[in-house]
Amino acid sequence: MRYFPGWQFALNHHPAFVHFPIVLWLLALLLEIVALWRSNEAITRAAFWMLWLGTISGTFTVATGLYAARFVPSGIGGVLATHKELMLASYFLAVALSIFTLISGPGKFGARAVFTGGLVVLSALVILGADRGAEMLGRYGFGVNGAMWREPASRGVQEKVDPTTLRYVGSEKCEQCHQSIYKRWKQTPMANVVRDPRQHPDAILADFSNAPPFVNFTKDQIAFVYGSIWKQNYFTKIGDEYYPLDGKWDIAHHKWVPYLVKDDWWASYYPLDNRQRPTGPTCNGCHSVNYNVQTHGVTEWNVGCEGCHGPGSAHVNHPTAANVVNPSNLGYVAANNVCMQCHVQGRPAQYPYQGQVFDWPPAFYAAIPQIGFATALRHLDHYWTLEPHKPGEANFYYFADGTAHKNRMQGNDFVQSLMYRHGVTCYDCHDVHGTKNPYELRKPANQICSVCHAPHSENGPYEASLTAHTHHKAGSTGSDCIACHMAQIETEGVPNSFVHDHTFGFISPAETIQFGIPNPCTSCHTDKTPQWAVDQLRQWGTASPWRVAAR
């Protein structure tokens, strides 16, 4: 791969060949039209050559296309089938025409009519086939590229440089080469969750004009704000450490709420006084890049580029794919661990760590300069354990079925899902560099889901249409995939603010009756009872009665 370094990273090589036969066959038709117009046999022979070369290249196109189709999610449904049929029809017609021209030559009128007519049909098939390929790209986000295939974790990318030589350099260094990505990322919550009001005077969203008594601080005491979507927490600085203040701002409901952590596992290790709970061990590991537990310094606040790609000094000095971690080249376990280093509820595998109890894995970050970022990700479980759950038991972290009860538990949900077991990664749906869609989704939610879950696909739904599956009108909330399969039932930490479940399973209203777990039916139909919802599901006829009656 010395001369074609990108070849080894391609999940499918079909696109490398597909354009050659298209161009050559269409050129053959163009030359034949000119030959007929000019009555020029030499141009006809040039058309023959274009046909033959297109057929030779088409052999590689068909071979790579058939191989790639084995790895495409079946949810792409009829579009892939039509694309493949048109590809094969084009190829075999080209083979037949190639053999015919070798036998007949350009002279006779009848042979000429067959050749010209065959090229017209061939060109039509090629154009239709290319259109189906474009539909796959535009509608589903990719062509026949095996996008959901994942390299096993054991074969994941190895460290290409000595990790002990790497240093963190900050996201601004990345902007020099990745300006468009940097510009998008700069607008995301990941880049703006922590803000200094002295640098950003508009950062404080709370109303101090009529603050309740528990808000025993002023704007001038706020050194940092955390959050800008659901809630906003405030921190003051004492010495070289930051400490939480006693009130947080409920953004959606425009009101103050008291702030003191009582139920998290680590709370009992600290006094019930925010001024004795430094954010270093409780917050800063996930809200910064390269937090130093001794000096309390950081390379940068917020989730910067190196939080997901590892220390970037080598890449900045000599940009190559080999000296920086690209999560898409990792096995699916390590790739998901990029997000799960923070988006889980867990506790360090060993604690206390250096005399303190941390709510993030300090040993994981300490290991990165020694063994490398990719290697540390593959072994995140050595440093970070997910909060345990006992089936049937509801607690601060989980509902009785194991679904998360609170935010920052997307990973706890996801590892239970079929999606995770089949190698789906967080970035198959989300692009943390920034998008125009909610939650940094790559596309609107239903479009993402339909890549693998189109009607009549083997992944389901098995009905002929989305409305037949949902029994709700097209375009309604009830026909929104995430409304039923990612119900907003997990609390964000302020009243009546909820985030999406990431188990992707449908929670039956029968589970609400038995365990008290919120279900998507009565979360929307708030004037109805769970038993009403069970009865409705039974009447549908398309839902399994065993799943409906989960009690």
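Report follows, based on the coordinates. (Residues numbered from 1 in each chain as written. Predicted model: local features only at pLDDT ≥ 70, side-chain atom pairs only at ≥ 80, totals over all residues. Heavy atoms only, no water.)

As a further point, take a nonpolar patch on the surface. On the surface, W49, L53, I56 and F60 cluster together into a nonpolar patch covering about 430 Å² of accessible area. Mapped onto the elements of the fold, I56 is located in helix α2 (residues 41-69). (Patch = residues over 30% accessible without salt bridge, like charges linked within 9 Å, V, L, I, M, F, W, Y side chains within 5 Å. Areas by Shrake-Rupley, 256 points an atom, 1.4 Å probe, with all protein chains shown as cover. Salt bridge = Lys/Arg side-chain N within 4 Å of Asp/Glu carboxyl O. Helix = DSSP H or I, 4+ residues; strand = E, 2+ residues; numbered from the N terminus.)

This brings us to helix α12 (residues 362-371). Those residues of α12 lying buried are P362, F364, Y365, A367 and I368. Buried residues along α12 sit against β9 (346-348) and α13 (373-378). Where α12 ends, the next residue or the one after it, G372, has phi of about 95°, a positive value. (Buried < 20%, exposed > 50% of the residue type's maximum accessible area, 1.4 Å probe, protein only. Contact = heavy atoms within 4.5 Å.)

If you look at the biggest cluster of nonpolar residues, it comprises 28 residues, and the most contacted ones within it are L330, W360, F364, Y365, I368, F373 and L377. Those elements that place two or more of their residues in this core are α11 (332-340), α12 and α13. Not counting residues up to four positions away in its chain, the partners in contact with I368 are P163, Y168, P311, F373 and A376. Membership of the second largest hydrophobic core comes to 15 residues, among which are W25, L29, F48 and F115. (Core = buried A, V, L, I, M, F, W, Y, C linked by side-chain atoms within 4.5 Å.)

Within a pair of aromatic rings, the relevant descriptors are the distance that separates the centres and the angle that separates the planes. Inspection of the entire model under this criterion finds 30 aromatic pairs. Ring geometry for Y226 and F235: centres 4.3 Å apart, planes at 45°, overall tilted. The burial state of Y226 is the same as that of F235; both residues are buried. Centroid distance F396 to Y397: 5.1 Å. Interplanar angle 70°. Geometry classified as edge-to-face. For F396, a relative accessible area of 30% translates into the label partly exposed. Here the aromatic cluster, defined as three or more aromatic residues joined through ring pairs, consists of Y291, Y353, F358, W360, F364, Y365 and Y383. When the ring centre of W37 is taken as origin, the NZ or CZ atom of R38, which lies over that ring, is 5.7 Å away. (Phe/Tyr/Trp six-rings, centres within 6.5 Å; stacked < 30°, edge-to-face > 60°. Lys NZ or Arg CZ within 6 Å of the ring centre and 35° of its normal.)

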